Amino acid sequence: MEESLSVADFDDVLRTDVLIVGAGGAGLRAAIEAAKHPVDVTLICKGRLGPGGCTPMSSGFFQAPVLASDNPETHFRDTVVGGEFLNNQNLTWVFSTEAYRSLLDLENYGFVFERVEPNKYMSRHFGSLSQVRGAQNMNAMSISATLIDEALHRGVRILEDTVITSLVKSVDSIAGATAVDMKDGRFIVFETKSIVLASGSLGQLFKRSTASRYSTGDGLALAIRAGATLVDLEIIQPLPLSFVFGALNGMTFSPAEYFGPKVEILNRLGERFMKKYDPVKIEFTTYAALSRANFLEIREGRGTINGGVIVDPTKNSKDEAMTFKKLFYRRWKKIKECYGEKAANWDEPFEAAPTMWGSTGGIDINEKCETAVRGLYAAGEIVGGVHGANRLSGNSLTETQVFGKIAGDQAARFTLKAAFLDLDQKVVKKERNRVFAPLNRNEGVRASTVKEELQNVMWEKVGIVRSESSLTEAMRDVSHIKEEAIPKIVATGKSKTYNEEWLDAIEALNMIDLAEMIIGGSLMRRESRGAYYREDYPKRDDRTWLRHIVYRMDSGVLSTTTRSVELQRLKP
Amino acid sequence: MEELTIRILRYDPSKLGSREYKTYRIPKRKGMKVLDALRYIYGTIDGTLSFRWDCRWGSCGECALSVNGKPTLACAEDVSDNMVVEPLRNFTVIKDLVVDRRGALERLSKVANGLLRPGWYKSDSEPESIDLETARFLIDQPDRCLNCLVCEAVCPAVAEDRWHTFCGPVTLLKLTRRACDPRDQGDRVNRAVFEGLYECLTCARCSALCPQEIDISSCIRNLRKKVTIGQPPSTYVANSAIMKNGNPFGQPFSQRSEWATGMNLSAKGDLLYFAGCYASYKYPQTARSTIEILKKTGTKVATLGNRETCCGIPLLWEGKEKEAENVIQQNVKEIEASGAQRLVTSCAGCFMAFKEEYPRIIGKIDVDVIHISQLVSDLVEKGQLALSKETRERITYHDPCHLGRYMKIYDAPRTILRAVQNVEFVEMTENRERSWCCGGGMTVSTSHPYLAKKVASRRISHAKEVGAKSIVTSCPLCRYNLDLAARSEGIKVYDLPDYVAGALKCGINKEQR
C-alpha cells in the first residue's frame, strides 16, 4: 500500500524538463537560455518575481573588457591576483572570456548601460584593477526587469513564493525536487530531468549583512545533501562601512574612497586608527583590511554607542560633496534617510560599521556548470571558485550573466538526451514530514528566535575576524542550537497561507547545516587569504594552503577534505 | 522608553471574518522605519503577521504597503505614533499585508515586452550607438523603476477601472521606455493608445508618490506627444476648435468677452486678468467674481476682451507644440500690448501654462504671473480683506493638480479659506501632494466621461467622510467635473473666486453695519 504516492503525500505534481531555482540575474539568464531550446522551462523563486535575489541590490557595475586597451587576459589576471590564487582558473578563464559577450546580450534584451559617447560605455577604474573596465547603470533592478521581460516573452513558466525544500535523486542523477508554495502551503513535487541552482548565497547567516532577506543559502544546503561538493565555503567577504541602525542596519553605503580624498575614519576616542593598521594607504586600504580594522576597534570597545566607528568626510571641499550626491544619488538619499541631511551633505560625521557582503565559495562546478550530480547545474553567486578568496567590485553581476547563460544552455542540452526518472516515494513522504513538522508541532522554539541566535553567533565568532578559540566556541554554540532548538522548531501560526514563520523554519534547517560547515572549514584553513582572516594565522601561506577546502556529505555525515589549487594559467 | 501604537489591518483567508485592525504597542528605537516596526512585531509579539520584505534599502520594491493611507515602501517610511498600516491598495490581499502583484507584473511584461527588432546587435569592437540624451533619459527615468507598483496603488484611474481598459501607470511608463529606445522598432505608441493612454488623468499623483522619484506622469505625457493617429475624437475636436476658434468648445471669438458686459473694463492697465476659456464661456460668474475681488485691490483692471485666446495647454499636453506656438504668440503679443505688469488667472491650467510652458517655448515673458489664490491670500494676510459667511458651514478644499502637484501651491487657498469667518475648514484625508484627482484630467472628462464621473464620485465621497457640505477648488475644470458627481449628493462645489466673492459681500455688509 505504501508503494505509490498517495494524495496525502503531495498536493501537486509538476513535470518540467528544466527546473531553475532562483529569480535573480543568474536564474533568469539560465531560464532565457534554456528556453531557446525546445524544452519546457520552469523557474521557481522564494519571493515575488522581480526583486529576486541580490541582483537588484548591486550597484550596477558590470565588469567586462569593453575598451580596446583592455582584453580578457588582463581581466583574468586581475581577477586571479585579486582572488589571491585560490580561483578555479578554468572557471575564471571562461568568466573573463565570456564577460563582454554577456554584456552585449543584456543590451540586446533591452538594457542600457551608461555612455560617455554614443558608442562608448562609461567605464570605471577601481583601486583593485589594473585597467579602466566595465560598464554601469546604477539601476540594477532594471537588469532583473529586462531579464523578466525576456523570460516571460520566451514562455518560461514562473512560480512565485515557492520554496524548494529538497532535491530528489534516482541513483546518481537528478529525478526531481520538492517544494512548498508559500501562498497556500501546497507541497509540490517536481518531476524534472535537470535542475539549475541559482538561488544565491548565504549572507543571511550573519546578523549584519548586505544580502537579500532570501539569501539563506538554501541551494547550497540542498546541493550538498544531494551529493554535490562545495568548495571554500568558509570564505565570506566583508565590507567596511555600513549603516548602524534602522531598517538599513547592515546595508553598505559605499567604500571609503567615495567620501573624498580627505575622509577620515575615527574611533570613539577620535583616533585615526587606520594609521596603526596600514600606515601607507590609511583609509584607502583594501575593503577586507578596513573591515577587519573597524571590526577590531569596535570589539575592543573603542566603537560608538551604536556599535560603529565614525566616518568624517567634513574636511573635503563642498564640490566633492556635491559630486557624491550627483554620482551616488541613491546612497546619498539613504544616508539622508538614516543620519539626516547634514551628514549626507558631508557637513557632519556619521557612524559606520563593517558588514558581510557575499561568499566567494559555493558549489563546485566545471566549465559546463555541471556539479558532481548528474543533471544538476549551478550558476551565479552559489558557485564557488570563480573569484578565489576575494571578489572584485563589479565581477558579481558578470558572474551571474556568464554562468547563467552556460548553465541554462547546458541543462537544456542535457535534457534533450535524458529521460524522466522515477521518484522514490519514501523519500518524498519523508521530506513532506520534515517540512511540515514545524507546522504540526504545538510548542517549541520559534523559528525566528533560532535564526536570530544563529545569526548572532555567526557574526560575533565566525565573522570578519576568526580564531581557533572563537571558532571552537562557535562550534559549541551551533551544536547546542542544533541539538536543543532545531528538533523543537515551531511555527506558532498554523495558517498555511504565507506563513512567514514556517518559511523561517525551513530556512533555519538549511542555515544550521551551513553554519556547521563554515565553522568546520574555518578551523581547517590555518592562514589568512584575501577576505578570509584568522587572527592566529595572519599570514598568507602559499606553501601549505594553496588548497581548496572541499565539503561533501555522505549519507548525512559531513566530510571536509582539501584539494590543491590547479594553477594552469597563472602562478603566484 | 518611548512607545508607539501601531494599527495593522490583518486578514487570514482561512478564518471567517478575520479582516480587522489589530493594535500593537512597541518601543521606539533610533532611526526606526515601518519595516523595523513590522519586524519587531513579528519577532517578539505576533509571529503570525505576514508581510513581504527583501533588500531593506529601497532597491527592490518588495515591501510596498500603505502607511496612513499613503502607499509607500516600508523600509523608507519613518514610524509615527498611531500609524495605520494596511496592504497596498487596488490589489487582492493574500494575507495580512501580502498582496498579489503577479497579474500587474505579467501585464507589464506582455504589453511592454523586450526589445522588438529583426536582428541582434553583434560586434566585438564597439557597443551599439545610442545618443547620450536618450541614454540619460532612459537611465534617469524609466530604468529607475522597481516594479514596486506603488504608482498602480495611488492611481485614481486604476482605483475605478481596475485595469479593465486602462493598463495603469507602470505599464505606460514601460511603454514609454520602449518607445524612446532608439533600438526598438515595435509599434509602442499605438499599443499604448489601445492600452488606455488617453485614460491617464495626468494628475501626477504617481509622480508625487513614486519612491524612486520617477516623473511617471511626464513620461506618459511624452508618450502622448508621439501619437500621430488614434487620439480620442473629442480630444481631436477640442484641439481643432482651439486652433480655429481659440477655445476648446468651438464658440465664436465674438462671445468670449460677453461676461464683461457692463463691468467697465479697459484694454490697458497694470493688472491684467486672463479669464481663460472655462471662465469666459462656461462660468462667466467666476470671471465676474474675480474682477470684483481684483477691484478691491484698488488698481485698474484690464482684460484682453475678445482678443484673448486659449492659453494653449491642451495643445501642449497633446504634443502639438507648433500649433500651440501660434496661440501662445497671439496671447503674448496681446499681453505686451496691454502694458500690464501683473497677470492674474483664475484657472489653474492657464496659470501653469504661463508659469511653466510659456518660458519653455518662447523664453521669458515680461509679466509677473500670479494665481488669484496667491493674490487673495496676500490681501487676507495683510488684513486688507475681511471674509465671512452668513450661515455657519463646514467646507473643504480640493487641490487641483495643475495648481498643487505641478505648481506646488498648497497653502495660499487654505490661508484664504481658514480666514473666512463663520466657516469650519476641514481637510480631506487625501490632500496636498496626495490629493485625489477630480477626474477631469484635461481631456478625460470628454473622452471617457464614465471614468471621469467615477473618479469624481470617489472624491465627493472623501468630502462626505469628513462631513463637508461644500467643496472649494481653484480650477474651473475640477469644479465642472466635481459638480457632475456632487449634485446628486447634495454637496456644493465652488470655484475659489466665487466663494471668496460670496464671502466678500458679507464682509462688507458687516463693516457697513
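Reading the values: rules and limits
- Residues numbered from 1 in each chain as written.
- Chains lettered and ligands numbered in written order.
- Predicted model: local features only at pLDDT ≥ 70, side-chain atom pairs only at ≥ 80, totals over all residues.
- Heavy atoms only, no water.
- pLDDT = per-residue confidence, 0-100.
- Helix = DSSP H or I, 4+ residues; strand = E, 2+ residues; numbered from the N terminus.
- Buried < 20%, exposed > 50% of the residue type's maximum accessible area, 1.4 Å probe, protein only.
- 1 Å grid on protein atoms, 1.4 Å probe; cavity = no way out; pocket = protein on both sides within 12 Å on 5 of 7 lines; lining within 4 Å.
- Points joined across faces, edges and corners; volume = space filled by probe spheres on them.
- Contact = heavy atoms within 4.5 Å.
- Buried area = accessible area lost by both parts, 1.4 Å probe.
- Salt bridge = Lys/Arg side-chain N within 4 Å of Asp/Glu carboxyl O.
- Polar contact = N/O pair within 3.5 Å; in protein donor to acceptor, adjacent residues only side chain to side chain.
- Nonpolar A, V, L, I, M, F, W, Y, C, P; charged D, E, K, R; others polar.
- Pairing = 2+ DSSP bridges.
- Axes fitted to C-alpha atoms, helices over the stretch in contact; angles between N-to-C directions.

Novice: An account of the confidence of the model for chain B is requested, with residue identities and associated values reported.
Specialist: In this model, chain B carries an average pLDDT of 91, and 98% of its residues clear a pLDDT of 70 or more. For this predicted complex, the interface confidence comes out at an ipTM of 0.95, alongside a pTM of 0.94.

Novice: Describe unusual backbone geometry, naming the residues involved and giving the relevant values.
Specialist: Residue and element names in this part refer to chain B. Positive phi, close to 65°, is recorded for Ala 204, a residue that is not glycine. Relative to the assigned elements, Ala 204 resides in the loop between helix 7 (188–194) and helix 8 (205–209). You can call Ala 204 buried: its relative accessible area is 8%. Despite not being glycine, Met 442 has its phi angle at roughly 60°, a positive value. Along the polypeptide, Met 442 turns up in the loop between strand 13 (421–426) and helix 18 (444–447).

Novice: For empty space enclosed by the protein, give the residues involved together with the corresponding values.
Specialist: All names here are of chain B. In this structure the tally under the stated criterion is 10 cavities of 30 Å³ or more. What the second largest cavity holds in volume is close to 90 Å³. Taken together, the elements giving at least two residues each to the lining of the second largest cavity come down to helix 4 (150–154) and helix 6 (169–180).

Novice: Give me the lowdown on the interface of chain B and chain A, citing residues and values where you can.
Specialist: On the side of chain A, 71 residues touch chain B, which itself brings 72 residues to the contact. Here chain B and chain A share an interface that buries about 6000 Å² over both sides, 50% of which is from carbon and sulfur atoms. Taken as a group, Arg 56, Trp 57 and Trp 120 of chain B account for 14% of the area that chain B buries against chain A, more than any other trio of residues on that side. Put simply, chain B and chain A have six salt bridges between them. The shortest N-O distance in the salt bridge between Arg 52 of chain B and Asp 161 of chain A comes to 2.8 Å. For the pair chain B and chain A, the number of links is 34 residue pairs in polar contact (both at pLDDT 80 or more). Those elements giving two or more residues to the side of chain B that touches chain A turn out to be helix 1 (34–45), strand 6 (93–95), helix 2 (102–111), helix 3 (132–140) and helix 6 of chain B. Of the residues belonging to the side of chain B that touches chain A, the class tally is 28 nonpolar, 18 polar and 26 charged.

Novice: Please provide a residue-by-residue account of the sheet that holds strand 3 (residues 64–67) of chain B, values included.
Specialist: What holds strands together in a sheet is hydrogen bonding between their backbones, with the strands either parallel or antiparallel. Residue and element names in this part refer to chain B. The strand order across the open sheet built from five strands is 2-1-5-3-4, with neighbouring strands paired in mixed fashion. Each end of this open sheet is capped by a strand with a single partner; those strands are strand 2 (20–27) and strand 4 (70–73). Neighbour-to-neighbour, the strand axes of the sheet open up by a mean angle of 35°, direction not taken into account. Of the pairings in the sheet, the one linking strand 1 (residues 3–10) to strand 5 (residues 83–86) comprises three bridges and is parallel in character. Residue pairing in the sheet places Ile 8 in a bridge with Val 85 of strand 5. Each of strand 1, strand 2, strand 3 and strand 5 is contacted by helix 1, which is oriented at about 95° to strand 2, the strand it contacts most.

Novice: How would you sum up the sheet that holds strand 10 (residues 342–345) of chain B? Please name residues and give values.
Specialist: Residues and elements named next belong to chain B. Ordered in space as 9-8-10-11, the four strands form an open sheet in which the pairing is parallel. Whereas interior strands pair on both sides, the edge strands pair on one side only; in this sheet they are strand 9 (301–303) and strand 11 (368–371). Each strand of the sheet is rotated relative to its neighbour by a mean of 30°, with strand direction disregarded. Sheet topology note: the strand 8 (residues 271–274)/strand 9 ladder contains three bridges and is parallel. Considered in strand 9, the bridge of Leu 271 is made with Val 301. Packing of helix 15 (residues 348–362) onto the sheet brings it into contact with strand 8, strand 10 and strand 11, and relative to strand 11 it is tilted by some 155°.

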